[in-house]
Amino acid sequence: MLEGKVALVTGSTSGIGLGIARSLAGAGASIMMNGFGDADDIERLRSQLAEENGVSVAFDGADLSRPDEVNRLVEKTIDVLGGVDVLVNNAGIQFVAPIEEFPDDRWESIIALNLSAAFYSMKAAIPAMKAKGWGRIINVASAHGLVASSNKVAYVAAKHGLVGATKVAALELANHGVTVNAICPGWVLTPLVERQLRDRVEQTGTEIAVEMEQLLAEKQPMLKFTTPVSIGAMAVFLCSDEAETITGATLSIDGGWTAQ
Ligand code: NAD
């Protein structure tokens, strides 16, 4: 379905981004991977993705909290893979503390990566999409783009901002063949959530399994994690012709979290 298309997936060395990259490659897209991690592990993932799906896969470790690096990554995707038809803004970080104790540098870095990077990447990629008259922008927001939780001020502010930016881009691109949507997952068991679980164990002295149950019970009526595979499938659907009029939408995949 996506043969001949190029997808840039930010933060695709791990978790949800890797799941989305796998699904898009499975649908035939060439992939620009991005993110941090061990160089050998990343090279293994890159070559596996390419071999298993018979597509071109490149990698660039741009630090997307820096606008110049975001621009360079979009340019490199176009240079190396021949375009940027699908842009998935997925890279994100988290930090948990009450506002009065929230470190300034954590606020700045979360806003820079979880929100501003998506602005800069859309700004850089939109001209190429408009020129082709086809494009798909998928912003990985969160249930926290729709509702709040305490102790996550920067993350919740960034994700709400990302949902707003998604809607503006959708309006501006409505008649250019480009759709722009936000996927809003609830809990997904990735390194980002595993870190939160470990912090909770440190505070409570319980065990990971207990904190896992607690974490789900606090927010999600459906007491199970969403998988990166399911989110990847949603991303592939958003890239399909059948999804051509879905734009400016927030698509929850959250076990009922935001139905409450
Ligand atoms: P993760 O920690 O597994 O992956 C994050 C990815 O971002 C990694 O590839 C990492 O290397 C990359 N990254 C981190 N800093 C970067 C930087 N400065 N520049 C470039 N890449 C950088 O986390 P995840 O859970 O897969 O999260 C992916 C996205 O999904 C995030 O935007 C997150 O907010 C969102 N999300 C996650 C959950 C969840 O429960 N895990 C729920 C809702 C939304």
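Keep in mind it's a predicted model, so treat the numbers as computed, not measured.

A. Spotlight on the overall build of the chain. Counting secondary structure elements, the chain contains eight helices and seven strands. Here the C-alpha radius of gyration of the chain, 18 Å, is about what a compact globule of 260 residues would show, namely 18 Å. If you line up the chain on its principal axes, its C-alpha atoms span 55 × 40 × 35 Å. Burial status across the chain gives 49% buried among its 260 residues. Of all intrachain contacts in the chain linking residues separated by at least 6 positions in sequence, the fraction that spans at least 24 positions is 71%. Only carbon and sulfur atoms are counted for the fraction: they give 52% of the accessible area of the chain, which is about 11,900 Å². Between the mean site of the 20 positive side-chain charges and the mean site of the 31 negative ones, the chain shows a separation of 4 Å.

B. Quick look at the environment of Pro103. One can find Pro103 in the loop between β4 (86-89) and α4 (104-132). Given a relative accessible area of 27%, Pro103 falls into the partly exposed group.

C. Up close: the domain arrangement of the chain. For the chain, the assigned domains read domain 1 (6-186 + 226-252) and domain 2 (189-225). Between the C-alpha centres of domain 1 and domain 2 there is a distance of 25 Å. Tallying the contact residues gives 13 residues for domain 1 and nine residues for domain 2. Summed over both partners, the interface of domain 1 with domain 2 buries about 680 Å², with 53% contributed by carbon and sulfur atoms. The three residues of domain 1 that bury the most area against domain 2 are Gln94, Ser149 and Thr226, which together make up 44% of that side's buried surface. Put simply, domain 1 and domain 2 have zero salt bridges between them. Summed over the shared surface of domain 1 and domain 2, the result is two residue pairs in polar contact (both at pLDDT 80 or more). Looking at the side of domain 1 that touches domain 2, its residues break down into four nonpolar, eight polar and one charged.

D. A look at the side chain of Thr190. Within the secondary structure layout, Thr190 lies in the loop between β6 (178-185) and α6 (191-204). Setting aside its immediate chain neighbours within four residues, Thr190 contacts Gly15 and Ile16.

E. Quick peek at unusual backbone geometry. Look at Asn151: it is not a glycine, yet its phi comes out positive at around 70°. Within the secondary structure layout, Asn151 lies in the loop between β5 (135-140) and α5 (153-172).

F. Up close: the sheet that holds β4. Spatially, the seven strands line up as an open sheet ordered β3-β2-β1-β4-β5-β6-β7, and their pairing is parallel. The sheet terminates laterally at β3 (57-60) and β7 (250-253), the two strands that pair on one side only. The average undirected angle you get between the axes of adjacent strands in this sheet is 15°. Two elements, β5 and β6, share six bridges in a ladder whose sense is parallel. Paired with Arg136 across the strands is Thr179, a residue of β6. Across the sheet, helix α2 (residues 39-53) lies against β2 (30-34) and β3, angled at about 155° from β3, the strand it touches most. Docked against the sheet, helix α8 (residues 228-239) engages β4, β5, β6 and β7, running at close to 165° with respect to β6.

G. Examining α4 more closely. Here α4 contains 29 residues, and its C-alpha end-to-end distance of 41 Å stays within 8% of the 42 Å for a straight helix at 1.5 Å per residue. Most pronounced at Ser116, the bend in α4 amounts to some 45°. Where α4 is concerned, the buried positions are Ile110, Ile111, Ala112, Leu113, Asn114, Ala117, Ala118, Ser121, Met122, Ala125, Ile126 and Met129. On its buried face, α4 is in contact with α3 (67-81), β4, β5, α5 and β6.

So, how was this worked out
- Residues numbered from 1 in each chain as written.
- Predicted model: local features only at pLDDT ≥ 70, side-chain atom pairs only at ≥ 80, totals over all residues.
- Heavy atoms only, no water.
- Helix = DSSP H or I, 4+ residues; strand = E, 2+ residues; numbered from the N terminus.
- Rg over C-alpha atoms; globule rule 2.2 N^0.38 Å.
- Buried < 20%, exposed > 50% of the residue type's maximum accessible area, 1.4 Å probe, protein only.
- Contact = heavy atoms within 4.5 Å.
- Areas by Shrake-Rupley, 256 points an atom, 1.4 Å probe, with all protein chains shown as cover.
- Lys, Arg positive; Asp, Glu negative; His and termini not counted.
- Charge placed at Lys NZ, Arg CZ, Asp CG, Glu CD.
- Domains from an automatic or database assignment.
- Buried area = accessible area lost by both parts, 1.4 Å probe.
- Salt bridge = Lys/Arg side-chain N within 4 Å of Asp/Glu carboxyl O.
- Polar contact = N/O pair within 3.5 Å; in protein donor to acceptor, adjacent residues only side chain to side chain.
- Nonpolar A, V, L, I, M, F, W, Y, C, P; charged D, E, K, R; others polar.
- Pairing = 2+ DSSP bridges.
- Axes fitted to C-alpha atoms, helices over the stretch in contact; angles between N-to-C directions.
- Expected span 1.5 Å × (residues − 1).
- Bend = angle between axes of the 7 residues up to and from the residue.

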